[in-house]
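An overview of the molecular structure
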Amino acid sequence: MQIGIGLPSTIPGTEGQEVVRWARRAEERGFSSLGVIDRIVYDNYEPFIALAGAAAVTERIRLATTILLAPSRGSAALVAKQAASLDRLSGGRLTLGMAVGGRPDDYEAAGVPMADRGARFDAMLEEMERVWAGESRGTAGAIGPRLAKGGPEVIIGGATDASFRRAAQYGSGWIAAGGDPQGFAELADRVKAEWARQGRDGDPRLMALAYYSLGPRAVEDARGYLSDYYAFAGVTPDMAGGMAMTDPGALSQALDAYAAAGCDEVVLFPCSPELDQVDRLADAALV
């Protein structure tokens, strides 16, 4: 199982140079991917821009949106162009994770209705496939740039039947948002069943997102960041302290459980932008 690490680009107050240094160190320590989370109404960096900054200072590590709120971005053609641009600039390193999201304020701020986001997401996925296939759009031809290495890997997030259908119909696989290894395993079984039902060859790529916080301020940082990020869901600081893996031993056990459940890659997101969090996670999770 591969181990990815989230950029601290969603943690309020994180400076640009902290994101850049984090990306360099994550590649040096051998992580498989750099992940980003998408929000509009929050003190975070825009996902494509954060990953473009990371792409400029790295060479090997993959760049992953885990996930992008695609239906909140009205134009499928523009999202397809942005993704193709980042993928080609990075030498074909983009994993494009997408889902519908569930925060009304993000959609309201974007000026896009939330009510029909599922149907619009289906239409966007179809349109993006046509764009990447090079369909002509006028006298200048197709929407560029040309894809690198076949184009970005598409991963679909969500815990509904519709999300499992989209993963099998349009994607290379699926990503679980938060939760625990047991919850991941239960949902992954449903993804694999839908994959087979739609006649897809092979197995879907299965990913998971989780949070970690290590060191002397581990619980304090987890409580502060996650209670703020998930305030809309009523998460209190006490609740938030249990949402992140804060002990190296427990983290190792959880990763073993994800691997046993068939997870191909776990992307672990930090609760602090301090650079030592990269090293602490590498020491605890990478063999």
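Our structure is the block above this text.
An account of the accompanying structure is given in this report. (Residues numbered from 1 in each chain as written. Predicted model: local features only at pLDDT ≥ 70, side-chain atom pairs only at ≥ 80, totals over all residues. Heavy atoms only, no water.)

This next bit is on the pairing of strand S5 (residues 153-157). Of all 5 residues that make up S5, 5 are buried, and the element is covered over most of its length. The alternating pattern of S5 places Glu153, Ile155 and Gly157 on one face and Val154 and Ile156 on the opposite face, and all of these are buried. Where strand S4 (residues 94-99) meets S5, 4 bridges bridge the pair, whose relative direction is parallel. In the sheet register, threonine 95 faces S5, and the bridge partner there is glutamate 153. Note that S5 and strand S6 (residues 173-177) share 3 bridges and pair parallel. Pairing of glycine 157 across the sheet is with isoleucine 175, part of S6. As for the winding sense of the linkage, the β-α-β connection from S5 through helix H6 (residues 161-170) to S6 is right-handed. (Buried < 20%, exposed > 50% of the residue type's maximum accessible area, 1.4 Å probe, protein only. Helix = DSSP H or I, 4+ residues; strand = E, 2+ residues; numbered from the N terminus. Pairing = 2+ DSSP bridges. Right-handed = clockwise from strand over helix to strand, strands pointing away.)

The next subject is the nonpolar core. Counting 66 residues, the largest nonpolar core has Leu34 and Phe184 as the members making the most contacts within it. With near-sequence residues (within four places) excluded, phenylalanine 184 lies in contact with Trp174, Ala176, Leu206, Met207, Ala208, Tyr258, Ala261, Gly262 and Cys263. One finds Ala222, Leu226, Tyr230 and Ala244 within the second-largest nonpolar core, a separate group that totals 22 residues. (Core = buried A, V, L, I, M, F, W, Y, C linked by side-chain atoms within 4.5 Å. Contact = heavy atoms within 4.5 Å.)

This brings us to the packing of helix H5 (residues 117-132) against H6. Across the interface, H5 lies against H6 with an axial gap of 12 Å and an inter-helix angle of 10°. Classed by the angle they form, the pair H5 and H6 counts as roughly parallel. Contacts between H5 and H6 pair Gly118, Phe121, Asp122, Leu125, Glu126 and Glu129 from the former with Arg165, Arg166, Gln169 and Tyr170 from the latter. Residues of the contact of H5 with H6, tallied by class, amount to 3 nonpolar, 2 polar and 5 charged. (Axes fitted to C-alpha atoms, helices over the stretch in contact; angles between N-to-C directions. Parallel < 35°, antiparallel > 145°, perpendicular 65-115°, else oblique. Nonpolar A, V, L, I, M, F, W, Y, C, P; charged D, E, K, R; others polar.)

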